[in-house]
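Letter by letter, the chains look like this.
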Amino acid sequence: MRKIILGAFLLVQTCCYAQTLQSPEQFLGYKIGTRYTPHYKILNYFNAVANAVPGMIKMEKYGESYEGRDLVVAYIASPENLQKLDAIRINNLRLAGMAKDKMAPATDGAPVIVWLSYNVHGNEPASSEASMLTLFALVDPANMQTKEYLKNTVVIIDPCINPDGRERYVNWYNSVVGATFNPDEQAREHSEPWPQGRTNHYNFDLNRDWAWQTQKESQQRLKLYNQWMPQVHVDYHEQGYNSPYYFAPAAEPYHEVITQWQRDFQVQIGKNNARYFDSSGWLYFTKQEFDLFYPSYGDTYPVYNGAIGMTFEQGGISAGLGVKTSDGDTLTLVDRVLHHYTTGMSTIETSSKNAAKLITEFKKFFDDNRSGAGFEYKTYVLTAKDKGRLQAVATLLQSNGIEYGSVQTKTFKGINYASGKEENYADESFQLAVSAAQPKGKLVKVLFEPKSYMSDSATYDIAAWSVPYAYGVKAYAVKEKLDIAPYAQAATVDAVQSTYGLLIPYTSLDDAKLLSYLLQKNVRVRYCLKPFTYNSKNYDRGTLIILKGNNVANWNELVNDACKQFNVQADGVSSGFMEKGADFGSSDVRFVHAPKVALFTGRQVSSSAAGEVWSFFDQTLHYPLTLLNAENIDYLKLDDYDVIVMPDGRYQALENKAGMDKLQDFVKNGGKLIALENGVSELTSGDWGLKLKDGNKDDSSKEKSDSDYSALKKYADRDKNDITQSIPGAIYKVELDNTHPLAFGYPDTYYTLKQDGKIYEFLKDGWNVGVLKQSEFTSGFVGSKLKPSLKNGVIIGAENYERGNIIFFADDVLFRLFWQNGKLLFSNAVFLVGE
């Protein structure tokens, strides 16, 4: 009787759903792909479906974008599985050994979890449109196939990872398209203006931010992702509109931690996609361009976390609603949406048919991780003189669900990251340790190993990112498994009362953030150019000095508040007379003025480079910043600012004499110019004292004979030949002059991420703060023809220019904001240099 009643209930429920459930076209009033759907309408449709089919779909808001748009996921499952959704989630964490209850998982009948992520790049909008078709197909009562899939599959759909970027593109496109789209590739609707919709509010590429989580959207999404840990994840993209569709299997290089099963199942997914594409006569390609190496993509991050992670790429960037391609066909948004819909349903189908195997291999992946199987290095130990640097690493580990602690012994050997040799461990006061034998073991290896093996040097992204180098901490890779105890939390910051002043050691980014806070509270701050000793304690260069005299009335309270907020311990001082070194009235003690800072942006500037600086000021330093369009330099009042930041770009405005003269006048009159990457190169054409270094010649080579065939190349080897001159992200050791204010808070070395071959001749009239000498290559890949030239030059410099200053960084010290160790350098350039 119960079965009859239940069957009748489900029949009535299905009929009810059929009466109220609407397709996307019925709900929106137009066929998907004939116009762009605003983000709020996409969410409206998802919520309408959830209300119409409450037994099969659950909506969850997991966050908001910087511009306040909702970030949501939809869980789609059979009615039986939806009722026990959280139990499925917890059991899935048990499979990975990540559940807090440490109970044994149920493997028989455990549903496979497929996560589909749409529209991470805002101007690749076809996938968000496809998400609505996929949702409808999964809950449509007339679709018997999807009902079978959902018996053993839970599908998670994130319909739009980057709503701010999507809306930027969609709103622009809708404002320029006519009553019908124009397929002419030269039409305005195919020429998106700066900064384009690819990135989020701060012009950040969210598809490079999975592991680093520097952006709000990533932080919120990855928190949810790590609470689920799906077996399959697809990241939807678009590429140039003349390219056919791309789907897995991926191109080499694959990182060596990727299992054979993960490789094989990518092929299985690809073959099923190909079956549907072949039947429709659609072109596609596999095994080219998109590799599985850099750890912060929407395919690699899931792979290193046990999933089958894949990128699917539809041709379509700048295509609008339709564009004529190079082969004469018209590619429409309708076509693009249908292709993405097809691979989504194909992936769900293949996953459902292989659910048991996916669960088994998923569990094995994490079982192997916890055993430490196959890891050369079993423990990574990091040590620093300042706990703030280690806390930054701890924050990264926490956000990725990586376990860490401290080792009790100090008598062990490991590969010293600084020398590349096995050495005895040397403690620097504070310490953090990470075991590779843990659920996230493969991710640990990928993030921490000193050097990563590359099966193919033609990678899509950077080739080096090791955390100790990026975060500027001394580290040892240890081949033995060391016992790890709970991590010692930072000591409580004690408030200090003084009738004279306070001292704050300047050793980490936290201290720069504190300085920014105090300057905005109008607290008068000084710093020392030379070390000094007070009360038998040694204080290094850069120590911040806050004195009562001529300061704001509540200076002591404000400093204590800042120290508590940024976890920095101040010391009291009762006199300006030092035991050793300069007294506080000395010329070696400088006053820090609160600078008014501007940033060049606009069409002549790299949007991502400008975004790094903008985000750093807004979200890290919390310091005011004015954004200026560089193309308007002829009309700008540059003297209104103390500091101008000139990020990577091609500054046509400086190609005319008037623009260059105006920038030079700004510096001559006491301004400070901070140039980065190609912004530095742009200055070599003016009278700035900067000269790009020519490639070094190999003086040891013999005179070439008349029969020199070295210029002869095979067409088939053209990609390999290009690689000899490439540098897809390599780490170099830089020798620092840490007596200069630009390098205060640093040891005498810094690790830079080089992405081009540009270095500069040593400054004759300035300060060569960061230089490359001989054999400074540390990790990553550098082409054989380029590598010999990367030596004997300066990449970080400062020089006086009449009353002002020029500071330059040949490389991106704020790279994707995960290059943590460069942030203090940049802060020093803003606040300390030239004071």
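Report on the accompanying structure.

Parameters at a glance
Residues numbered from 1 in each chain as written. Predicted model: local features only at pLDDT ≥ 70, side-chain atom pairs only at ≥ 80, totals over all residues. Heavy atoms only, no water. Helix = DSSP H or I, 4+ residues; strand = E, 2+ residues; numbered from the N terminus. Buried < 20%, exposed > 50% of the residue type's maximum accessible area, 1.4 Å probe, protein only. Contact = heavy atoms within 4.5 Å. Areas by Shrake-Rupley, 256 points an atom, 1.4 Å probe, with all protein chains shown as cover. Lys, Arg positive; Asp, Glu negative; His and termini not counted. Charge placed at Lys NZ, Arg CZ, Asp CG, Glu CD. Core = buried A, V, L, I, M, F, W, Y, C linked by side-chain atoms within 4.5 Å. Pairing = 2+ DSSP bridges. Axes fitted to C-alpha atoms, helices over the stretch in contact; angles between N-to-C directions. Expected span 1.5 Å × (residues − 1). Parallel < 35°, antiparallel > 145°, perpendicular 65-115°, else oblique. Nonpolar A, V, L, I, M, F, W, Y, C, P; charged D, E, K, R; others polar. Polar contact = N/O pair within 3.5 Å; in protein donor to acceptor, adjacent residues only side chain to side chain. Disulfide = S-S within 2.5 Å. Salt bridge = Lys/Arg side-chain N within 4 Å of Asp/Glu carboxyl O. Phe/Tyr/Trp six-rings, centres within 6.5 Å; stacked < 30°, edge-to-face > 60°. Patch = residues over 30% accessible without salt bridge, like charges linked within 9 Å, V, L, I, M, F, W, Y side chains within 5 Å.

A short note on the overall build of the chain
Secondary structure summary: the chain contains 23 helices and 36 strands in total. For the chain, the spread of C-alpha atoms along the three principal axes comes to 95 × 65 × 60 Å. Considering the chain as a whole, with its 835 residues, one finds that 59% of them fall into the buried category. Residue pairs in contact within the chain that sit at least 24 positions apart in sequence constitute 79% of those at least 6 positions apart. Summed over its atoms, the accessible surface of the chain is roughly 34200 Å², and 48% of this surface lies on carbon and sulfur atoms. Across the chain, the 87 positively charged side chains and the 97 negatively charged ones have centroids separated by 4 Å.

Examining the nonpolar core
One finds Phe 448, Phe 600, Leu 663, Phe 809 and Phe 826 to be the most contacted residues of the largest nonpolar core, which totals 193 residues. At seven residues, the largest contribution of residues to this core is made by helix 17 (residues 509–520). Listed in part, the 60 residues of the second largest apolar core include Tyr 36, Ile 42, Ile 76 and Phe 312.

Overview of the sheet that holds strand 21 (residues 525–528)
The sheet built from five strands is open, its strands ordered 25-20-24-21-26 with antiparallel pairing. The open sheet is flanked by strand 25 (571–573) and strand 26 (589–592), the only strands paired with a single partner. With direction set aside, neighbouring strand axes in the sheet form an average angle of 30°. Alignment of strand 20 (residues 501–504) against strand 25, held across three bridges, turns out to be antiparallel. Looking across to strand 25, one finds that Leu 503 is bridged to Asp 571. Against the sheet, helix 18 (residues 555–566) touches strand 20 and strand 24 (544–547), its axis set at about 20° to strand 20.

Notes on helix 9 (residues 216–228)
Side chains three or four residues apart in an α-helix point the same way, a direct result of the helix having 3.6 residues per turn. For helix 9, with 13 residues, the first-to-last C-alpha span of 19 Å sits near the 18 Å given by 1.5 Å per residue. Taken as a whole, helix 9 has its buried residues at Glu 217, Ser 218, Gln 220, Arg 221, Leu 222, Leu 224, Tyr 225, Asn 226 and Trp 228. Trailing helix 9 by a residue or two, Met 229 shows a phi angle of about 55°, which is positive.

Here's the deal with the packing of helix 5 (residues 85–95) against helix 9
The contact between helix 5 and helix 9 brings their axes to 7 Å, and the two run at 80°. With respect to each other, helix 5 and helix 9 are oriented roughly perpendicular. Side by side, helix 5 and helix 9 meet where Leu 85, Arg 89, Asn 92 and Leu 93 of the first sit next to Asn 226, Gln 227 and Trp 228 of the second. Looking at the contact of helix 5 with helix 9 residue by residue, the classes come out as three nonpolar, three polar and one charged.

Quick notes on the pairing of strand 4 (residues 153–158)
Among the six residues of strand 4, six are classified as buried, and the element is accordingly described as predominantly covered. Here strand 4 shows two buried faces, one formed by Thr 153, Val 155 and Ile 157 and the other by Val 154, Ile 156 and Asp 158. In the sheet, strand 2 (residues 70–76) pairs with strand 4 via three bridges, with the strands oriented antiparallel. Counterpart to Tyr 75 in the pairing with strand 4 is Ile 156. Pairing analysis gives six bridges linking strand 3 (residues 112–117) to strand 4, with the strands arranged parallel.

Some details on the environment of Arg 166
Along the chain, Arg 166 turns up in helix 8 (residues 163–176). Residues Arg 166 and Pro 125 lie 41 residues apart in sequence; the distance between their C-alpha atoms is 6.5 Å. Excluding residues that lie within four positions of it along the chain, Arg 166 makes contacts with Thr 37, Ile 42, Asn 119, Gly 122, Pro 125, Ser 128, Glu 129, Cys 160 and Gly 197. Within the local environment of Arg 166, its side chain forms a polar contact with the side chain of Asn 119, the two groups lying 2.8 Å apart. For Arg 166, the side chain forms a polar contact with the side chain of Glu 129, separated by 2.6 Å.

A short note on the state of the cysteines
Considering all chains together, one arrives at zero disulfides under this definition. The structure places no disulfide on Cys 563, whose sulfur is separated from the nearest cysteine sulfur, that of Cys 528, by 16 Å.

Description of the pattern of salt bridges
Pairing is possible between side chains that carry opposite charge, provided their charged atoms lie close to one another. All told, the structure shown has 34 salt bridges when counted by the stated rule. Close ionic contact of Asp 86 with Arg 89 constitutes a salt bridge, the shortest N to O distance being 2.8 Å. Taken together, the residues Asp 86 and Arg 89, both in helix 5 and three residues apart, mark about one turn of the helix. What makes Asp 86 partly exposed here is its relative accessible area of 43%. For the salt bridge of Glu 735 with Lys 773, the shortest nitrogen-to-oxygen distance reads 3.0 Å.

A short note on the side chain of Thr 311
Along the polypeptide, Thr 311 turns up in strand 10 (residues 308–317). In terms of polar contacts, Thr 311 uses its side chain to reach the side chain of Asp 299, at 2.8 Å.

Thoughts on the packing of helix 19 (residues 607–621) against helix 23 (residues 823–831)
It is at 12 Å that the axes of helix 19 and helix 23 come closest, and there the two elements cross at 90°. One way to sum up the angle between helix 19 and helix 23 is to call them roughly perpendicular. Every residue of helix 23 that contacts helix 19 at Val 613, Phe 616, Phe 617 and Leu 621 is listed here: Lys 823, Phe 826, Ser 827, Val 830 and Phe 831. Residue composition of the contact of helix 19 with helix 23, by class: seven nonpolar, one polar and one charged.

Points about unusual backbone geometry
Ala 248 connects to Pro 249 through a cis peptide bond whose omega is 10°. Topologically, Pro 249 is positioned in the loop between strand 6 (245–246) and strand 7 (251–254). Of note, the bond from Glu 252 into Pro 253 is cis; its omega dihedral lies within 30 degrees of zero at 10°. Considering the arrangement of structural elements, one finds Pro 253 in strand 7.

What about the packing of aromatic side chains?
Tallied over the entire structure, the rule returns 53 aromatic pairs. An angle of 50° between the planes, with centres 5.4 Å apart, marks the rings of Tyr 246 and Phe 285 as tilted. Of the two residues, Tyr 246 sits in strand 6 while Phe 285 sits in strand 8 (residues 284–285), which places them 39 residues apart along the sequence. Pairing Phe 600 with Tyr 651 gives two aromatic rings, centres 6.1 Å apart and planes at 55°, and the pair type is tilted.

Concerning the sheet that holds strand 16 (residues 422–424)
The sheet built from five strands is open, its strands ordered 16-15-18-13-17 with antiparallel pairing. Each edge of the open sheet carries a strand with a single partner, namely strand 16 and strand 17 (430–435). If you compare each strand with its neighbour and ignore which way they point, the axes differ by 35° on average. Pairing between strand 15 (residues 413–416) and strand 16: three bridges, direction antiparallel. From the neighbouring strand, Ile 415 faces strand 16, where its bridge partner is Glu 422. Sheet strands touched by helix 14 (residues 387–399): strand 13 (379–384) and strand 17. Its angle to strand 17, the strand with the most contacts, is close to 25°.

Overview of a negative patch on the surface
A surface patch of negative charge is lined by Asp 639, Asp 640, Asp 665 and Glu 802. Positionally, Asp 665 belongs in helix 20 (residues 657–668). Among the residues examined, Asp 665 registers a relative accessible area of 38% and is labelled partly exposed.

Thoughts on the pairing of strand 18 (residues 474–478)
Counting buried positions over the five residues of strand 18 gives four, a clear majority of the element. Across five bridges, the pairing between strand 13 and strand 18 is antiparallel. The residue of strand 18 that forms the bridge with Leu 382 is Ala 475.

What to know about the environment of Asp 335
Secondary-structure assignment places Asp 335 in helix 12 (residues 333–353). What makes Asp 335 partly exposed here is its relative accessible area of 29%. Through-space distance from the C-alpha of Asp 335 to that of Cys 160 is 19 Å; in sequence the pair is 175 residues apart.

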